[in-house]
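An overview of the molecular structure
One-letter residues, chain by chain:
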Amino acid sequence: MIETDILIIGAGPTGLFAVFEAGLLKLKCHIIDGLPQPGGQLTELYPKKPIFDIPGFPSVLAGDLVDNLMEQIKQFQPGFTLGEVAENIQKLEDGNFIVTTNKGTEHKAKAVAIAGGLGSFEPRKPILKDLEFYEQEDRGVDYFVKDPEKYRGKRVVISGGGDSALDWSIFLSNVASEVTLVHRRNEFRGALDSVEKVQELKHAGKIKLITPGEVVGFKGSERIESVDIEVNGARMNVATDYFIPLFGLTPKLGPIAHWGLEIEKNAIVVNNALDYQTNIEGIYAIGDVNTYPGKLKLILCGFHEATLMCQSVYNKLNPGKKYVLKYTTVSGVDGFDGTRKEAEKAVVKAID
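Residues numbered from 1 in each chain as written. Predicted model: local features only at pLDDT ≥ 70, side-chain atom pairs only at ≥ 80, totals over all residues. Heavy atoms only, no water.

This brings us to the sheet that holds strand 21 (residues 290-291). Strands sit in the order 18-19-21 across an open sheet of 3 strands; the sheet is mixed. The sheet is open, and its two edges are formed by strand 18 (263-264) and strand 21, each paired on a single side. Where strand 18 and strand 19 (residues 267-269) come together, 2 bridges link them in antiparallel fashion. What sits directly across from I263, in strand 19, is I268. (Pairing = 2+ DSSP bridges. Helix = DSSP H or I, 4+ residues; strand = E, 2+ residues; numbered from the N terminus.)

And the structure:
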């Protein structure tokens, strides 16, 4: 069983920043996320798109913001349970919580912070016959690229027209033996440099591009052997080992909706006058997943909510102990790994 002070459900920017704020208070964090990597929407939906409303950054790419947050929290050594969904929660008599994922991983925490963004994300799936059969037991359909080495020397067909489809086509062109990118339009909605890179790789013979086209069926008895692609009313068959449809993600509140929390319009109601706690003491909701009068679904608002949540948890775990807030410019930052960051000391020197 994994034990921690604060169990954070959701590895998006709000959940990641909560690790930093908790670390300043000497509180350990562990994060659960259904996606295979940290970052939430920023990593999965638009890693190469700029964000313009992060304080101090006139413009920052979503993926770079995630990288910076990961670097910022590294010294506080958070744990991660990725690729698993928080499914069940149990509140013990001593006030602690046991959270179990869909894969049976158990976590024990003194407080739970739900930072699930718009909820748990599920891949948008194409409507194809026998899809469910091929997406089980490594029969050829994948919705996430968890380990690129899995496709080493394999034939891969990727379908989609956004950043994820473009980026993985580019990356796997140096891993797979053959990469085919299929999109139902000639135009792609992705970063310009990615579109141009795919164009270059197409001319170099490293990516086969089929547009406008759409995967409409599979062939193969035990696993995928080929896919049928419709192009301008005609059909062609492409041999492949894996089909990866990357059509984005659908947000859902998921199992959390059944935890006894007060829900309003698919969001968790919290006390924003104090600490963003839910109707269940010890469970908080921060970021886009919560709602309250005047709520704004902005990353910077999630950062603010995470900060106050951590202060509340500290006070609950240390009753009667007054915490004196010190600015990091004064106190510095002590990591759990023994590192210390602090401003340079002033030089004391007389002037002649």
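Don't stop here, the text continues.
Let us now look at empty space enclosed by the protein. A full pass over the atoms with the stated rule returns 1 cavity of 30 Å³ or more. In this model, the largest cavity occupies a volume close to 70 Å³. Lining the largest cavity we find E44, L45, P123, R124, Y143, F144, S164, P245, L246, F247, G248 and L249. Its residues placed into classes, the lining of the largest cavity shows 8 nonpolar, 2 polar and 2 charged. (1 Å grid on protein atoms, 1.4 Å probe; cavity = no way out; pocket = protein on both sides within 12 Å on 5 of 7 lines; lining within 4 Å. Points joined across faces, edges and corners; volume = space filled by probe spheres on them. Nonpolar A, V, L, I, M, F, W, Y, C, P; charged D, E, K, R; others polar.)

Summed over all chains, the structure comprises 14 salt bridges. Taking the shortest distance from any N to any O, the salt bridge between D5 and K110 comes out at 3.1 Å. Taken together, the residues D5 in strand 1 (residues 2-9) and K110 in strand 8 (residues 106-114) connect sequence positions 105 residues apart. Between R340 and D334 there is a salt bridge, with the nearest N and O atoms lying 2.7 Å from each other. R340 gets classed as partly exposed once you look at its relative accessible area, which sits at 39%. One continuous salt-bridge network, built from bridges that share partners, spans D138, D142 and K150. (Salt bridge = Lys/Arg side-chain N within 4 Å of Asp/Glu carboxyl O. Buried < 20%, exposed > 50% of the residue type's maximum accessible area, 1.4 Å probe, protein only.)

What follows deals with a nonpolar patch on the surface. A cluster of nonpolar side chains, L296, L298 and L300, forms an exposed patch at the surface whose accessible area comes to about 230 Å². Inspection of the secondary structure puts L298 in the loop between strand 21 and helix 7 (299-317). (Patch = residues over 30% accessible without salt bridge, like charges linked within 9 Å, V, L, I, M, F, W, Y side chains within 5 Å. Areas by Shrake-Rupley, 256 points an atom, 1.4 Å probe, with all protein chains shown as cover.)

This next bit is on the environment of Q277. For Q277, the location among the structural elements is in the loop between strand 19 and strand 20 (283-285). In the structure, Q277 is positioned 48 residues away from L325 in sequence and 21 Å away in space, judged by C-alpha atoms. Once you skip the residues sitting within four places of it in the chain, Q277 turns out to touch V269, V270, N271, G282, I283, Y284 and K316. There is a polar contact of 2.6 Å between the side chain of Q277 and the backbone nitrogen of G282. (Contact = heavy atoms within 4.5 Å. Polar contact = N/O pair within 3.5 Å; in protein donor to acceptor, adjacent residues only side chain to side chain.)

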